[in-house]
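# Residue-level structural notes
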Amino acid sequence: MKMHPFAKFSLSSSGTSSSSSRRNFVDKPKNRRAWLFVALVFPILILLMFTSAPRQYLSIRRLKQRFRAPAGSEQCKYGTVYVYDLPPSFNKKLLDNCRAIDPQNSLCDALSNDGFGPKATDLQGIIPEDLTPAWYATSMFAGEVIYHTRISNYKCRTYDPDSAAAFYIPFYAGLAIAKYLYANRSTESERESQGESLVKWVTEQPSWKRSNGADHFIMLGRVSGDFRPGDHHMDAKSGSSFVLMPPIRQTLRLALERSPWDRYEIGVPYPTGFHPRSNAELEKWLKFVRTRNRSKLFTFVGGKEKRLKDDFRGLLVDQCRDESDRCAVVDCSETRCSDGSPAILEPFLDSNFCLQPRSGDSFTRRSTFNCMLAGSIPVFFWKRSIFGQYDWFLRDDPERFSVFIDEKQVRNGTISIRKVLEGYGIEEIQMMRERVTNLIPRFLYVMPGDDEYDDGGVGRYTMRDAVDIAVEGVLRRFKELRLVERQ
């Protein structure tokens, strides 16, 4: 009988015969060289596979495997979410090419760790030592990655599109257009290509055709104006017109700053650096900011913008310096104010109020949430900076936790910021600070652990965070629309 060519290398019932066969095979010079090659190359291949694989891809796949179906319909009373598995060019490959997103500053570190970024440093002595592990140098523009990570592990996620009440499109639109925002040499084709490709892909899906996208939503990790060339600050030859493309125009959009005239946009909080891993960590932080001794009446963290005529931020810097006995100022044109910097956090912790002007190109600022996270009361100068922006998260009554001062009156000298803020009594300040502190859990972004908000030792986090509120709000809105259609 003719023997199979690999039969002599198979395991035998006789240990001696088998060992002898393997020894003869390995001892041949040609085979020894082959085994040596495999022994040297195979570990290298394994190492390359894990080090070169996109960190975000590995992370999101891990979260999918951890997902547990919701236990009971009450948890998902508004329905479930289906997450599209987009071609990698729309998300994962953007992370692979993180150095190309911003040609001037690499975003690779900022987008690492599921979008939460590296651990924050230099916070020792500023915050309680046992809370430092919950702090990260999180980028203000990492929201698309964070939402993708979290919704991939959302308690009401479904893998059955036919049963879904909402469809999430995990396209990193903000990362895709970042390098074109202020690039004068880019062409319209370059700026619009990925957005147009995404629209083509998603409109071909059966789920989209079934509802014409009425039950679809997307998260934009930048302000809405960055996707509207020619809108207020945007040059017509920069950015992308993604949100103006007909299919996306009527898709629900979560954005860091919404257009007040667009009913399909919902403002969501900017990411901060605090990502508690348990209820205990959150409660410890809330107690810390409530009992903080504040030596300054107000503070301003921001930089002068020389390219803007009549720069209001520059005016605030100068006024704050003139009121140094009552105001702390951090001029970000002179001081490092990057993500996770103690130069930002400590002044907010030391002040009762914090000044929040528009941020040059946009009306909102990440600084607003950094300020409130520290238990400080935000002071706004444009109503568009807060009114109608974050109602799902900060309620719809900004007057209860913030102060509004008309910037025009500050410019012409008819109002003194210091005198307005000194008009608030101690009890009134305490009451407003308590309202701010109570809102903190609603704008945090929790980092999921090995078991849905469990870090394997610190405990569990069971409070609803910004992602929970956002997705539940989307599901509730879609359910209400369906009810209206049936009537």
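The structure presented is a predicted model; accordingly, all values stated were derived computationally and were not measured.

### Re the overall build of the protein
Secondary structure assignment for the protein yields 18 helices and 11 strands. Counting across all 487 residues of the protein, residues that qualify as buried make up 50%. In the protein, the proportion of contacts linking residues at least 24 apart, taken out of those at least 6 apart, comes to 74%. Of the roughly 23,900 Å² that the protein leaves accessible, carbon and sulfur atoms contribute 52%.

### Some remarks on the side chain of Arg 222
In this structure, Arg 222 sits in the loop between strand E4 (216–220) and helix H9 (246–249). For Arg 222, the side chain forms a polar contact with the side chain of Asp 226, separated by 2.9 Å. With residues near it in sequence (within four places) discarded, Arg 222 still touches Phe 141, Gly 174, Ile 177, Ala 178, Leu 181, Phe 227, Ala 255 and Leu 256.

### Quick look at unusual backbone geometry
Backbone geometry places Asp 114, a non-glycine residue, at a positive phi of 65°. One can find Asp 114 in the loop between helix H4 (92–96) and helix H5 (143–152). Overall, Asp 114 belongs to the buried group, its relative accessible area being 9%. In the Ramachandran plot, Asp 122 falls in the positive-phi region, its phi being about 65° despite a non-glycine side chain. Tracing the chain through its elements places Asp 122 in the loop between H4 and H5. For Asp 122, a relative accessible area of 48% puts it in the partly exposed group.

### Regarding the sheet that holds strand E6 (residues 265–267)
The sheet built from six strands is open, its strands ordered E2-E1-E3-E4-E5-E6 with parallel pairing. Of all strands in the sheet, those bounded by a partner on one side alone are strand E2 (157–158) and E6. Its contacts with the sheet put H5 on strand E1 (81–83), E2, strand E3 (166–169), E4 and strand E5 (252–255), and the angle it makes with E4 is roughly 135°. Against the sheet, helix H18 (residues 466–486) engages E1, E3, E4, E5 and E6, with an angle of about 160° to E5.

Rules of the game
Residues numbered from 1 in each chain as written. Predicted model: local features only at pLDDT ≥ 70, side-chain atom pairs only at ≥ 80, totals over all residues. Heavy atoms only, no water. Helix = DSSP H or I, 4+ residues; strand = E, 2+ residues; numbered from the N terminus. Buried < 20%, exposed > 50% of the residue type's maximum accessible area, 1.4 Å probe, protein only. Contact = heavy atoms within 4.5 Å. Areas by Shrake-Rupley, 256 points an atom, 1.4 Å probe, with all protein chains shown as cover. Polar contact = N/O pair within 3.5 Å; in protein donor to acceptor, adjacent residues only side chain to side chain. Pairing = 2+ DSSP bridges. Axes fitted to C-alpha atoms, helices over the stretch in contact; angles between N-to-C directions.

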